[in-house]
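Structural characterization, general
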Amino acid sequence: MKLTLKVWRQKDNKSKGKFVEYHLDNVPKEASFLEMLDILNEQLVMKGEDPVTFDHDCREGICGTCGLYINGHPHGKFKNTTTCQLHMRKFADGATITVEPWRSAAFPIIKDLMVDRSSLDKLIQSGGYVSVRTGGVPDANTIPVNKHCADLSMDAAACIGCGACVATCKNGSAMLFVSAKVSQLALLPQGQVEARDRVQKMVARMDELGFGNCSNTFACEAECPKGISVTNIARMNRQFLAAKIAEPLKK
Amino acid sequence: MKNRKGLSSITKKLIMAITGGCLVFFLLFHGSMNVVSIISESGYNWICEFLGANWYAVVGTIGLAAMVVIHFVYAFILSFQNYRARGNQRYAVTERQDGVSWASKNMLVIGVIVIIGLGLHLYAFWAKMQLAELQGVAPSDGLSPVDGVGRIKMVFGNTYFSIMYLLWLAFLWFHLSHGIASVMQSIGWNNHVWKRRIEWLGKFFAIVIVAMFASVVLYYWLIFPNLNV
Amino acid sequence: MELNSRIPEGPLTEKWTNYKASQKLVNPANKRKLDIIVIGTGLAGASAAASFGEMGFNVKVFCIQDSPRRAHSIAAQGGINAAKNYPNDGDSVWRLFHDTVKGGDYRAREANVYRLAEVSNNIIDQCVAQGVPFAREYGGLLANRSFGGAQVSRTFYAKGQTGQQLLLGAYGAMSKEIERGTVKMYARREMLDVVIVDGRARGVIVRNLVTGELERHAAHAVVIASGGYGRVFFLSTNAMSSNGSAAWHAYKRGAMMANPCFTQIHPTCIPVHGDYQSKLTLMSESLRNDGRIWVPKDEKKAALLREGKMKATDIPEEEKDYYLERRYPAFGNLVPRDVASRAGKERCDAGYGVNNTGRAVYLDFKEAIQRLGRKAVEEKYGNLFEMYERIVDENPYVTPMMIYPAVHYTMGGLWVDYELQTTVKGLFAAGEANFSDHGANRLGASALMQGLSDGYFVLPYTMQNYLADQIGVPRFSTDLPEFEQAEKEVRERIEKILNVNGTETVDSIHKRLGHIMWEYVGMSRTKEGLEKAIEEIKKLRAEFWRNVKVPRREGMNNELEKALRVADFLEMGELMARDALMRNESCGGHFRAEYQTPDGEAMRDDTNYSFVAAYEFKGDDNEPVLHKEELKFENVEVKQRNYK
């Protein structure tokens with residue numbers, strides 16, 4: 001395959017970035033998108049140019065490290081697919097592909113296509129867990145869990161934390177990410193104990209970190225590589241409202 | 001961390017939802033009232049007289065105005081924050097996401113258009129009816145402030161005005177087609193079973209509301225003048 | 001140096017209880033004064049860091065990725081074993097212990113494995129309490145499935161994403177401690193050396209991958225939980241940043257490396273299709289529960305399949321060779337991983353392989369779809385089929401899947417004693433980075449168990465025992481000459497690489513190393529092959545230092561990161577080959593072609609090789625010294641594995 005790539009190049013956070021055009025010949029159509037970038041980088045290194053920096057790790061769609069904005073979509077336009085699972089056969093021969101980093105105030109660019117998503121970690125730190133310590137927990141089967149709730153919880157827990165929801169949201173909102181964690185834990189009796197505190201803490205942290213406000217466009221769900229549902233956001237809204245009324249956190 | 005003081009994001013959403021939801025109810029009420037004008041002119045004028053500048057109608061109007069203002073102000077606050085949250089650099093290429101409606105991404109712009117239309121509407125009707133009554137001065141065109149049907153006939157007899165009205169209603173439809181389902185989502189009344197249903201119900205109510213208003217415009221613009229009464 | 005495994009006295013079932021009862025403790029006020037460094041945030045690292053933090057120690061955690069949640073434990077699909085016996089099918093701690101020792105081909109330490117089986121149940125309790133959404137039955141209790149040919153259903157799972165869910169549980173627990181301030185997280189850092197002060201591990205040198213700066217960090221103890229070294233083969237199911245450098249530099253500082261040749265080759269991976277390929281994708285082993293593995297009986301037809309002149313669906317039933325069912329009637333397609341992998345390679349080497357490369361066999365669901373219906377198959381394996389289709393662009397409901405073995409896990413690693421302490425005092429190793437529990441072969445769903453066992457339930461105890469007499473030791477300054485020296489050495493290493501400025505990229509050399517490893521130190525090894533491998537690796541290493549091309553850049557430099565890792569792989573590969581050459585037997589993942597029965601089964605030599613091979617580093621120009629830790633089996637009867 002022949003390809004024209006327009007890749008966002010930016011030296012570091014402070015520098016100004018720009019698109020640079022690259023032409024690639026003989027890209028195997030079985031290659032994944034990231035392998036195609038590997039091929040590009042191999043050529044750049046040989047030419048003595050700076051290879052394109054991008055985040056990637058497991059390359060099997062589960063670690064959530066990779067994330068490129070490809071032709072106007074996070075992870076490309078195909079449903080339930082991460083960048084690493086996108087294969088070149090999905091593009092036409094001779095195509096021009098524009099590759100951009102995630103763009104959101106909460107995700108500053110580190111270099112080229114690599115952004116800093118540590119704000120997602122900070123969100124989890126604010127309460128995305130059950131506060132139990134190691135040891136001293138009851139037998140696993142002590143509390144039966146409704147299977148439907150457990151299944152819904154698992155669906156929410158499938159979030160890989162890639163940040164595509166924030167990247168695609170016109171508001172730069174992290175509601176899908178936060179609600180997935182809030183829902184996962186609220187749906188299980190183990191997580192319900194501190195559910196009211198959790199939702200308030202996580203929402204407060206989300207606001208502090210400069211994420212935008214949700215306006216229910218549901219673009220996040222449409223682009224989520226793991227198909228996380230926006231009904232999780234509704235559940236979080238419900239939980240938040242109930243918690244604010246019944247047990248508001250002391251400031 | 002950027003410290004953001006004040007109401008939390010979800011609370012602000014909730015304010016949008018509640019004010020928006022109330023306005024939807026108002027529109028339902030207003031629309032069904034308007035339809036009466038097609039069925040019975042005297043019935044409609046009776047309603048106009050019943051409401052008029054009576055205290056409950058005035059209280060309702062003030063409440064309504066407050067809703068509109070709050071909805072409007074928060075829309076701008078939220079949009080401003082959201083704009084900042086997007087960061088300084090925009091995507092060079094964007095493409096519509098599957099299943100994401102145009103309306104949902106352009107609510108502010110549509111809302112502003114609706115507000116402008118509202119100004120027009122207030123000028124054409126409210127200023128000459130409730131406001132005139134409150135001020136105790138008769139409108140200069142000689143119609144009684146409570147002669148609703150007369151005013152309707154006059155306003156929609158004007159083709160340009162009717163077209164503008166219909167255009168306005170179209171934008172209102174877009175706003176409602178996302179807005180109603182969005183209210184349900186924001187207040188947390190959505191789940192995996194009802195998600196699709198709520199989307200369709202939202203669109204359905206948007207159609208009902210807009211159809212009620214539009215039918216009056218169309219009736220008095222196109223049908224009524226050709227009737228031999 | 002004598003190897004002392006420090007196994008507690010007493011009967012096997014009471015060793016751990018006795019240890020805990022008599023170990024030394026650190027009081028809460030003193031814990032605050034003690035610092036622990038943890039390298040890696042996978043299951044072992046994150047769970048250890050969280051537990052240390054909860055206990056009150058000061059913890060510094062380092063991970064190579066942008067977030068601790070991305071560690072490669074996340075990719076584990078199948079499940080986690082525990083001896084809960086919830087299904088009432090006869091499981092017990094003893095049975096899990098026994099199966100693990102047997103599965104490891106009697107090359108693991110009894111006491112460690114028993115402890116692992118013992119705490120396996122606590123792990124499930126802990127994870128459920130953390131809100132891990134395990135699969136459940138309609139009654140609300142936990143569901144189990146059988147896995148990897150076990151005779152009992154002891155595997156707990158969360159869809160096909162068990163590793164992800166367990167890791168996120170541990171990550172949550174660690175996040176909780178980060179919020180409390182007991183744990184400090186350093187992401188995008190790579191450990192390049194360990195600092196030894198007066199014979200004890202007292203800190204690390206890490207490279208900040210964003211700024212490129214070297215940082216010194218001091219602590220009272222260091223835990224290495226950086227995973228395995230499977231990427232020495234270049235192509236593996238490991239993540240791109242997985243590497244063995246942390247463990248390797250610990251080795252170079254005096255920690256011994258044990259059983260480096262024990263690598264696990266997983267039978268059900270998506271086959272390689274080109275040179276540009278960067279990694280292989282694993283398909284869960286559970287597929288073998290219903291899929292049947294075959295190649296054509298007729299060599300000519302295999303050739304036609306390779307040339308694309310024929311399709312798999314064109315082969316009539318009677319011309320399919322279900323070689324696993326043929327060779328192992330009792331276990332059939334469910335034989336352990338090493339056996340299945342080797343059998344597949346054997347068929348391909350004999351000329352029956354399919355795919356354009358000839359390096360693939362079929363995994364066929366036709367019979368399962370007929371028996372269970374497409375819907376049932378979809379429910380069980382839908383997500384895996386989808387993943388396959390995405391990568392290969394073929395529909396596995398219609399055409400059989402193609403699979404081929406790939407490097408997946410390394411059983412070998414840093415030698416540790418019962419306390420998970422290496423031969424360097426204060427330097428611990430946990431999870432895949434140590435060698436301890438899996439012997440020569442790891443059973444399915446046991447890796448997650450071991451990682452969490454080390455982190456949640458072993459290290460929190462043994463670490464206290466080590467630190468109990470360190471309470472008087474004040475915090476270290478990173479200005480000590482030892483730190484300075486270590487940093488200087490790292491800086492020189494980096495300079496040396498940057499100064500080569502040759503003509504070959506790092507990846508290209510890494511791929512060549514991978515070829516050598518796969519060819520000679522892979523699934524089937526011979527004396528000649530291994531000797532050749534050692535020579536070839538030496539040559540390639542020399543070439544690396546003569547001809548590698550690494551651009552010099554300010555700040556972030558991915559090529560340099562890769563080069564540093566490959567430089568270590570080029571040394572590690574040689575040690576693996578040496579170990580494989582030394583071990584004149586076939587056991588578990590280590591198969592020496594010279595040591596097989598007439599019908600091609602592995603032949604173990606318990607008289608001469610029932611030991612752990614631990615290597616001591618003696619300098620770059622000297623051969624490492626082999627130390628043997630004899631394995632004593634007092635509680636299980638050592639038998640030849642037989643899956644016929």
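Small disclaimer: the values here were computed from a predicted structure and weren't measured.

**Some words on the interface of chain B and chain A**
Taken together, the 41 residues of chain B in the interface contact 43 residues of chain A. Those elements that place two or more of their residues in the side of chain B that touches chain A are helix 1 (9-39), helix 3 (55-85), helix 4 (102-105) and helix 8 (159-186) of chain B. For the side of chain B that touches chain A, the per-class residue count stands at twelve nonpolar, 18 polar and eleven charged.

**A short note on the pairing of strand 2 (residues 58-62) of chain C**
Residue and element names in this part refer to chain C. Burial analysis of strand 2 places five of its five residues in the buried class, the great majority of the element. What you see with strand 2 is no split at all: Asn58, Lys60 and Phe62 on one side and Val59 and Val61 on the other are buried throughout. Summarising the sheet, strand 1 (residues 35-39) and strand 2 pair through five bridges and their orientation is parallel. Along strand 2, the bridge assignment pairs Asp35 with Asn58. For the segment spanning strand 1, helix 3 (residues 43-55) and strand 2, crossover handedness is right-handed. Looking at chain direction, strand 2 and strand 5 (residues 183-186) are connected through four bridges and run parallel. Each bridged residue has a counterpart across the sheet, and for Phe62 the counterpart in strand 5 is Tyr186.

**Examining helix 1 (residues 15-22) of chain C**
Side chains that are three or four residues apart share a direction in an α-helix, a result of its 3.6 residues per turn. Residues and elements named next belong to chain C. Turning to helix 1, its buried residues number three or more, namely Lys15, Trp16 and Tyr19. Here the buried residues of helix 1 occupy an arc of 95 degrees about the axis, which is enough to place them on one side. Along helix 1, the residues that are exposed and aim more than 90 degrees away from the buried face are Ala21 and Ser22.

**Section: the pairing of strand 8 (residues 214-218) of chain C**
Residues and elements named next belong to chain C. Sheet analysis places strand 7 (residues 200-208) next to strand 8, joined by five bridges and oriented antiparallel. Paired with Ile205 across the strands is Arg216, a residue of strand 8. Between strand 7 and strand 8, which pair antiparallel one after the other, the connecting turn spans five residues, and Gly212 there sits at a positive phi close to 80 degrees.

**Re the confidence of the model for chain B**
Summarising the model, chain B shows a mean pLDDT of 92, and 97% of its residues fall at 70 or more. Within chain B, no element has a lower average pLDDT than helix 6 (residues 130-135) of chain B, which sits at 90, and none a higher one than helix 8 of chain B, at 96.

**Some points on the sheet that holds strand 1 of chain C**
Two orientations exist for strands paired in a sheet by backbone hydrogen bonds: parallel and antiparallel. All names here are of chain C. Read from one edge of the open sheet, five strands run 5-2-1-9-17, paired in parallel fashion. Whereas interior strands pair on both sides, the edge strands pair on one side only; in this sheet they are strand 5 and strand 17 (427-429). Averaged over all pairs of adjacent strands, the angle between their axes in this sheet comes to 20 degrees, without regard to strand direction. Strands in contact with helix 7 (residues 245-252) are strand 1, strand 9 (221-224) and strand 17; relative to strand 9, the strand with the most contacts, it is inclined by about 130 degrees. Here helix 13 (residues 447-467) sits on the sheet in contact with strand 1, strand 9 and strand 17, set at roughly 150 degrees to strand 9.

**Some words on the sheet that holds strand 8 of chain C**
All names here are of chain C. The three strands lie next to each other as 6-7-8, forming an open sheet whose pairing is antiparallel. The open sheet is flanked by strand 6 (189-197) and strand 8, the only strands paired with a single partner. Strand after strand, the sheet turns through a mean of 25 degrees between neighbouring axes, direction not considered.

**So, the packing of helix 2 (residues 118-125) of chain A against helix 6 (residues 162-180) of chain C**
The interhelical angle for the contact between helix 2 of chain A and helix 6 of chain C, taken along N-to-C directions, is 85 degrees, at an axis separation of 8 Å. Between helix 2 of chain A and helix 6 of chain C, the interaxial angle falls into the category roughly perpendicular. Contact residues: helix 2 of chain A offers Asp121(A), Ile124(A) and Gln125(A), while helix 6 of chain C offers Gly172(C), Ser175(C), Ile178(C) and Glu179(C). For the contact of helix 2 of chain A with helix 6 of chain C, a count of residues per class yields two nonpolar, three polar and two charged.

**Overview of the environment of Lys181(A)**
Residue and element names in this part refer to chain A. With respect to the helices, strands and loops of the structure, Lys181 is situated in helix 5 (residues 175-186). Spatially, the C-alpha atom of Lys181 lies 18 Å from that of Ala222, the residues being 41 residues apart in sequence. Setting aside residues no more than four positions away along its own chain, Lys181 makes contact with Ile124 and Gly128.

**Overview of the interface of chain C and chain A**
Tallying the contact residues gives 64 residues for chain C and 64 residues for chain A. Of all elements in the fold, only helix 3, helix 5 (110-129), helix 6, helix 13 and helix 17 (558-582) of chain C reach the threshold of two or more residues within the side of chain C that touches chain A. When residues of the side of chain C that touches chain A are assigned to their parent elements, the largest contribution, nine residues, is made by helix 6 of chain C. Looking at the side of chain C that touches chain A, its residues break down into 24 nonpolar, 23 polar and 17 charged.

**Some words on the domain arrangement of chain C**
Much of the literature gives interface size as the accessible area that the parts lose upon coming together. All names here are of chain C. Once the domains are mapped, chain C shows domain 1 (266-407) and domain 2 (481-630). Just the C-alpha atoms count here: the centres of domain 1 and domain 2 sit 31 Å apart. In this complex, domain 1 contributes six residues to the contact, which on the side of domain 2 involves six residues. Sorting elements by how many residues they give to the side of domain 1 that touches domain 2 places helix 10 (residues 337-352) first, with five residues. Among the residues forming the side of domain 1 that touches domain 2, the class breakdown is one nonpolar, one polar and four charged.

Reading guide: rules and limits
- Residues numbered from 1 in each chain as written.
- Chains lettered and ligands numbered in written order.
- Predicted model: local features only at pLDDT ≥ 70, side-chain atom pairs only at ≥ 80, totals over all residues.
- Contact = placed C-beta atoms within 7 Å.
- Helix = DSSP H or I, 4+ residues; strand = E, 2+ residues; numbered from the N terminus.
- Nonpolar A, V, L, I, M, F, W, Y, C, P; charged D, E, K, R; others polar.
- Buried ≥ 20, exposed ≤ 12 C-beta atoms within 10 Å, placed from the backbone.
- Pairing = 2+ DSSP bridges.
- Right-handed = clockwise from strand over helix to strand, strands pointing away.
- Arc of directions from axis to C-beta.
- pLDDT = per-residue confidence, 0-100.
- Axes fitted to C-alpha atoms, helices over the stretch in contact; angles between N-to-C directions.
- Parallel < 35°, antiparallel > 145°, perpendicular 65-115°, else oblique.
- Domains from an automatic or database assignment.

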